[in-house]
Number of protein chains: 2
Amino acid sequence: MENPEKIQTYRTIIKQILNQHASYKPSHGEFEMQTLFDNEQDRYQVLAIGWNQDKRIYGCSMHLDIRAGKIWIQANNTEIDIAEALVAQGVPKEDIVIGLQPDYLRKYTGYAIA
Amino acid sequence: MENPEKIQTYRTIIKQILNQHASYKPSHGEFEMQTLFDNEQDRYQVLAIGWNQDKRIYGCSMHLDIRAGKIWIQANNTEIDIAEALVAQGVPKEDIVIGLQPDYLRKYTGYAIA
């Protein structure tokens, strides 16, 4: 059984990191940073959405899931090292999966494989 | 004031369209269709996530928001005409914003401008 308190702490940490990133104001273009938090399925995303002149901007900045008690980094298009940020918040490396890396590479990272 | 019953109906219609699309099994690659439903902020997305051999797959298929009583189509990378699907479900055109088109084009579509 997963520890529900641990999962609750992970949710708080994830939302904190994503909300902080979403609070940055883009330096140009008319776009906003949106959070998409699916609390039921434990899927959490930040995306940039809007316009740069006539060009549509739509892209995921960060996406983290919680699956079976572990945090999966599904996407990261920022300069932030999310895994490090999670460790700094007290998440053990064995509870972090770098989902955006192929699994044969994961064993070299010190983080979880799945 | 927005009609809360109308909004509730819109939520049901959006989730139906997105869930149906998410239920399609990709023909190749090891990826899944995920829904991300943010019920608090009324943001609804389907994304493809996984692997095609060693290549990471991560992309939004559909994204719809409800804002001020209207449905915004923020992204659509499918062959489905979402606006038409909404109209077929009884959503009036004036409640549909093709957010992925620049607003100077929206007046030619018969749908709402904002």
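Coordinates for the structure precede this section.
Here is a short report on the structure shown in this document. Numbering of residues starts from 1 in every chain and runs along the sequence as written. The naming scheme follows written order: chains are lettered A onward, ligands numbered 1 onward. It should be noted that, the model being predicted, local features are given only for residues of pLDDT at least 70 and side-chain atom pairs only at 80 or more, the latter also being counted only at that level, while totals for whole chains, interfaces and linings use all residues. Where side-chain values are given, they derive from all heavy atoms of the structure, hydrogens and water being excluded.

## Quick look at the overall build of chain A
Turning to step 1, where the next piece is worked out: Helix and strand counts for chain A come out as three helices and five strands.
Turning to step 2, where the next piece is worked out: If you list the helices and strands of chain A from N to C, you get α-β-β-β-β-α-β-α.
Turning to step 3, where the next piece is worked out: For chain A, the spread of C-alpha atoms along the principal axes amounts to about 50 × 30 × 25 Å.
Turning to step 4, where the next piece is worked out: For each residue, the accessible area found with a 1.4 Å probe, counting protein chains only, is set against the maximum for its type, and the residue is called buried under 20%, exposed over 50%, and partly exposed in between. Relative to its full complement of 114 residues, chain A shows a buried share of 46%.
Turning to step 5, where the next piece is worked out: All accessible areas in this document rest on Shrake-Rupley with a 1.4 Å probe, and a residue is counted as covered only by the protein chains that are shown. Only carbon and sulfur atoms are counted for the fraction: they give 50% of the accessible area of chain A, which is about 6000 Å². Here a helix means four or more residues in a row that DSSP labels H or I, a strand means two or more in a row labelled E, and each is numbered from the N terminus.

## Side note on helix α1 (residues 4-22) of chain B
Think of an α-helix as 3.6 residues a turn; residues three or four steps apart then line up on the same face.
All names here are of chain B.
Turning to step 1, where the next piece is worked out: Helix span, expected: 1.5 Å multiplied by one less than the number of residues in the helix. Over its 19 residues, α1 extends 27 Å from the first C-alpha to the last, a length consistent with the 27 Å expected when each residue adds 1.5 Å.
Turning to step 2, where the next piece is worked out: The contact rule is simple, with two residues in contact once any of their heavy atoms fall within 4.5 Å. Where α1 is buried, its residues meet β1 (30-38), β2 (43-52), β3 (55-67), β4 (70-76) and α2 (82-88).
Turning to step 3, where the next piece is worked out: For this analysis, a polar contact is any N or O atom pair within 3.5 Å, provided that within protein one partner can donate a hydrogen and the other can accept it, and provided that sequence-adjacent residues contribute only side-chain to side-chain pairs. The backbone nitrogen of E5 lies 2.9 Å from a side-chain oxygen of the residue at the head of α1, namely N3.

## Comments concerning the pattern of salt bridges
Two side chains that carry opposite charge are able to pair once their charged atoms sit near each other.
Turning to step 1, where the next piece is worked out: For salt bridges, the criterion is a side-chain nitrogen of Lys or Arg within 4 Å of an Asp or Glu carboxyl oxygen. A complete count under the given rule lists eight salt bridges over all chains for this structure.
Turning to step 2, where the next piece is worked out: With a closest N to O distance of 2.9 Å, E32 of chain A and R67 of chain B form a salt bridge. Of this pair, E32 of chain A sits in strand β1 (residues 30-38) while R67 of chain B is found in strand β3, placing the two residues in two different chains.
Turning to step 3, where the next piece is worked out: Linking D65 of chain A and R67 of chain A is a salt bridge whose minimum nitrogen-to-oxygen distance equals 3.8 Å.
Turning to step 4, where the next piece is worked out: Judged by its relative accessible area of 27%, R67 of chain A is partly exposed.

## Some details on the sheet that holds β4 of chain B
All names here are of chain B.
Turning to step 1, where the next piece is worked out: For two strands to be treated as a pair, DSSP must find at least two bridges joining them. Spatial strand order, β1-β2-β3-β4-β5: five strands in an open sheet with mixed pairing. Every interior strand has two partners, whereas the edge strands, β1 and β5 (96-97), have only one.
Turning to step 2, where the next piece is worked out: Here nine bridges tie β1 to β2, and the two strands are oriented antiparallel to one another. If you follow F37 over to β2, its bridge partner there is Y44.
Turning to step 3, where the next piece is worked out: Here an angle of 0 to 180 degrees is reported between the N-to-C directions of two axes, which are lines fitted to C-alpha atoms, with helices fitted over the stretch in contact. Each of β1, β2, β3 and β4 is contacted by α1, which is oriented at about 160° to β3, the strand it contacts most.

## Some remarks on the environment of E32 of chain B
Turning to step 1, where the next piece is worked out: Since its relative accessible area comes to 32%, E32 of chain B is described here as partly exposed.
Turning to step 2, where the next piece is worked out: Sequence separation between E32 of chain B and A22 of chain B is 10 residues; the distance between their C-alpha atoms is 8.3 Å.
Turning to step 3, where the next piece is worked out: Setting aside its immediate chain neighbours within four residues, E32 of chain B contacts R67 of chain A together with L47, A48 and I49 of chain B.
Turning to step 4, where the next piece is worked out: Within polar-contact distance, the side chain of E32 of chain B engages the side chain of R67 of chain A at 2.9 Å.

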